[in-house]
Structures are given as C-alpha cells and as structure tokens.
Amino acid sequence: MARLLDGKKTAAAIKDELREDTARWVRRGVQPKLAALLAGDDPAALAYARSKEKVCAGLGMDYEMHHLPGETREEAVLDRIRSLNGDPAVHGIILEMPLPPQIDRRRAMEAIDPLKDVDGVHPLNRGRLMAGDRGLFPATPLACVEILRRHDVPLAGRDVVLVGRGETVGKPLIFLLLQENATVTVCHTRTADLASHTRRAEVLIVAAGRRGLVTGDMVREGVTVVDAGINPSPEGRLCGDVDFEGVAAKAAAITPVPGGVGSLTTVLLLRNVLKAVALQAGGEGTSWKA
C-alpha cells in the first residue's frame, strides 16, 4: 500500500513555523494582518472566511473581515479595496468568492495591490511566477509542491505529468514545477489517450476537477501521486480526481482526499501574508523558501 502524504501533519508543522515568524515580526514592531472582503451571504464563503479568522488567531496574526451586502455596487467594492491598499496596518487582502453578479471579478482582483495580493491572482504576480521572480503565488499550487518537498519527494530531473490546465491550479503549477527543475508534461480532460501520458509519470499531479478521472490502470508501479481535486461523491463524501484505492495499490506515495493538498491551502495563504510583510519591508524577515 502506498505511503500517505499527510497534509494535516504537514500543515501542523508549517503552522509552528508561521507562529515563530509572526512572533519575530511582532518583536520588530510589525503586527501581520490579513483583511478579507466578502460581498453577499454565500454560506461556503462565510464559513471559509471565518475559518481563516480562527487560524490567524492561533498564529498571532490580526484578521478583519469586511462583509458587504450582496447588492453592493462594484464601485463601492473597488473603493474598499483601495482603502485597504492604502492602509499600512493591512499586509494581505483576500477577495472571497463568489462575488455578486454586478461586480466584475477580474476588475476587482486587479484592483488589489500586488504586494498585498496573498491569493496570487493579480496579473503582476502571475507574470512574476512565469518569469521566476519573487512574488505572491496561489496557495493550492504551492501546496502541491510543498507536500512533496515536506515528504522528501524530489522533483528535479524527474518526469512530472500534470493533468489540469485551469487558471487556479494547473497553469500556476506549471511554472512552480519548472522552478523545481522538473520535466513537465501538461495534459487535460481533452488529451487524446490520457493514459499513455500518465503511465510515464514518475510524479503525477491531478487537478482536473473530474471525480475518478485517473484509475489504477493509468499509472505505473512506484509513482508518486498528488491529487488536488475536490469533488462530491454520490454518497455525499469528498473525493479527488484519482480513484484512490486503485491507484494507491500501485503507487509509492499518494495524497488522500480529504487530508492532503486541501489541508495546506489556508496555512500557505497565511504564509503568503508573512511573505507580503517581508516584501513590503524590503524583502527580509522570513525563515522559509520563497
């Protein structure tokens, strides 16, 4: 049976590091702070925003939620973002999704100061990722790389097959993998003979948003598998893009769903807050790899 790449244990270790880094900034007279902007009353968005507040409190970070009515005009949302951009006490800004239909998602995201864009969605941060420069990058792609790093799975020089080309995970992950010196093949749900590609992978990362897309007959013995999918099953459970039982029987290591990549997303978002503090202070003061 494959070794489990445990996201919960990994997240706990990262929290310990973030707690120390936060305390270090506080000793220097800087109180790291995340501001979340939510328009409307989407239950999932509310729950996610409140869960971040709890984690921030455990790390010693300040957190504030700006909860606007669902009928708020776009210009009012943009004004609030500009206000947060100009507030030196706020180091990170996150725009909770979904936004009400009258608000242009792209315009709102592009209004966030790139140095406070802890979700890594601003075009400047996307460009910095592509160029290999320092910036703020999306948490889920970071989690895919981080969970491998923390379990001593090397990427340099290895054949990595990525199934998924989405804006949120797949595309940013391509460039993170290239920075690790992996040899990257990118596939997707419309790739002809997908199995011929996945069987070549030494490391397989799946982020296609389709339940059970990759089955046991589509992987080689000894593969390492990172499943970044989160899908509802007919039984009401969460499951990934990988048929876990079938693939785990052949894999050397695999992430579970839940308990894998998803367990890291909030802590890596908050690591981005500390990275934002460092970038705003001139690039110093963190104890982790950028």
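Definitions and cut-offs
Residues numbered from 1 in each chain as written. Predicted model: local features only at pLDDT ≥ 70, side-chain atom pairs only at ≥ 80, totals over all residues. Heavy atoms only, no water. Helix = DSSP H or I, 4+ residues; strand = E, 2+ residues; numbered from the N terminus. Expected span 1.5 Å × (residues − 1). Buried < 20%, exposed > 50% of the residue type's maximum accessible area, 1.4 Å probe, protein only. Arc of directions from axis to C-beta. Contact = heavy atoms within 4.5 Å. Pairing = 2+ DSSP bridges. Right-handed = clockwise from strand over helix to strand, strands pointing away. Axes fitted to C-alpha atoms, helices over the stretch in contact; angles between N-to-C directions.

**Thoughts on helix α3 (residues 74-85)**
The terminal C-alpha atoms of α3, which comprises twelve residues, lie 17 Å apart, in line with the 16 Å expected from a rise of 1.5 Å per residue. Turning to α3, its buried residues number three or more, namely E74, V77, L78, I81, L84 and N85. Take α3 and look down its axis: the buried residues cluster within an arc of 120 degrees, on one side only. Against β2 (33-39), β3 (62-68), β4 (92-95) and α4 (105-111) lie the buried residues of α3.

**Overview of the pairing of strand β6 (residues 183-187)**
Bridge count for strand β5 (residues 159-163) against β6 is five bridges, and the pairing is parallel. Looking at β6, one finds that V160 is bridged to V184. Each parallel crossover has a hand, and for β5 linked through helix α7 (residues 170-179) to β6 it is right-handed.

**Focus on the sheet that holds β6**
Taking strand neighbours across the sheet as the criterion, the six strands line up as β1-β11-β8-β7-β5-β6 in an open arrangement whose pairing is parallel. Sheet topology places β1 (3-4) and β6 at the edges, where each strand pairs with a single neighbour. Across the face of the sheet, helix α6 (residues 139-150) comes into contact with β7 (203-206) and β8 (224-227) while running at roughly 145 degrees to β8.

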